[in-house]
Amino acid sequence: MSFLTFFLGEKKKTASVAKERLQIILAHERTDRSPKPDYLPALQRDLIAVISKYIHINPADIKLHLERQDNLDILEVKIELPDKK
């Protein structure tokens, strides 16, 4: 551990930050149990922003779908990646 890392802290990786955000959103939705999830548009914008850092993607190519079955929430994320050229 370097001297600066000790005082400034380590910068979290994008994937771990996104995972933490998703866990918080899902936990919030489970306690709220609102019939229509309001976080999906924000989640979709976050996914587009993160993926766009690495590849050019059309925002319409990311689809999110939430399905509830009894006590189980299923979040389906479909991302259509461009062909390699």
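Cut-offs applied
Residues numbered from 1 in each chain as written. Predicted model: local features only at pLDDT ≥ 70, side-chain atom pairs only at ≥ 80, totals over all residues. Heavy atoms only, no water. Helix = DSSP H or I, 4+ residues; strand = E, 2+ residues; numbered from the N terminus. Buried < 20%, exposed > 50% of the residue type's maximum accessible area, 1.4 Å probe, protein only. Contact = heavy atoms within 4.5 Å. Areas by Shrake-Rupley, 256 points an atom, 1.4 Å probe, with all protein chains shown as cover. Pairing = 2+ DSSP bridges. 1 Å grid on protein atoms, 1.4 Å probe; cavity = no way out; pocket = protein on both sides within 12 Å on 5 of 7 lines; lining within 4 Å. Points joined across faces, edges and corners; volume = space filled by probe spheres on them. Nonpolar A, V, L, I, M, F, W, Y, C, P; charged D, E, K, R; others polar. Core = buried A, V, L, I, M, F, W, Y, C linked by side-chain atoms within 4.5 Å. Patch = residues over 30% accessible without salt bridge, like charges linked within 9 Å, V, L, I, M, F, W, Y side chains within 5 Å. Salt bridge = Lys/Arg side-chain N within 4 Å of Asp/Glu carboxyl O. Expected span 1.5 Å × (residues − 1). Arc of directions from axis to C-beta.

Novice: Outline the overall build of the protein, listing residues and values.
Specialist: Counting secondary structure elements, the protein contains three helices and two strands. Written out in order from the N terminus, the α and β elements of the protein read α-α-α-β-β. Within the protein, the proportion of its 85 residues that are buried is 15%. Taking the intrachain contacts of the protein between residues at least 6 apart in sequence as the baseline, contacts between residues at least 24 apart amount to 38%. Counting only carbon and sulfur atoms, one obtains 58% of the accessible surface of the protein, whose full area is about 7300 Å².

Novice: Got a sec to walk through the pairing of strand S1 (residues 62–69)? Specific residues and values, please.
Specialist: As paired strands, S1 and strand S2 (residues 72–79) are joined by eight bridges and run antiparallel to one another. Its bridge partner being in S2, Gln 69 is matched across the sheet by Leu 72. In sequence, S1 turns back onto S2 through a hairpin of two residues, with Asp 70 there showing a positive phi of about 55°.

Novice: Explain the layout of surface pockets to me, using residue names and the numbers behind them.
Specialist: One number sums up the size of the largest pocket: a volume of about 360 Å³. Broken down by secondary-structure element, the contributors of at least two residues to the lining of the largest pocket are helix H2 (14–32), helix H3 (40–52) and S2. Sorting elements by how many residues they give to the lining of the largest pocket places H2 first, with eight residues. Tallied by class, residues from the lining of the largest pocket come to 12 nonpolar, one polar and four charged.

Novice: I'd like to hear about the nonpolar core, residue by residue, with values.
Specialist: By size, the foremost hydrophobic cluster in this structure holds six residues: Leu 26, Tyr 39, Leu 40, Leu 43, Leu 64 and Leu 66. Counting only elements with at least two residues in this core, the list comes to H3 and S1. Ignoring any residue separated from it by four or fewer positions in sequence, one finds Leu 64 in contact with Leu 40, Leu 43, Gln 44, Leu 47, Glu 76 and Val 77.

Novice: Hey, could you go over a nonpolar patch on the surface for me, with residue numbers and the actual values?
Specialist: Together, Tyr 54, Ile 55, Val 77, Ile 79 and Leu 81 make up a nonpolar patch on the protein surface, roughly 460 Å² of accessible area in all. Relative to the helices and strands, Ile 55 is located in the loop between H3 and S1.

Novice: Talk me through H3; I want residue IDs and the actual numbers.
Specialist: Helix length check: H3, at 13 residues, gives a terminal C-alpha distance of 18 Å against a target of 18 Å (1.5 Å per residue), a fit within 8%. Buried within H3 are the following residues: Leu 40, Leu 43, Ile 48 and Ile 51. Projected down its long axis, H3 shows its buried positions confined to an angular sector of 140°, all on one face.

It is worth stressing that arrangement in space is one thing and function is another; only the former is reported here.
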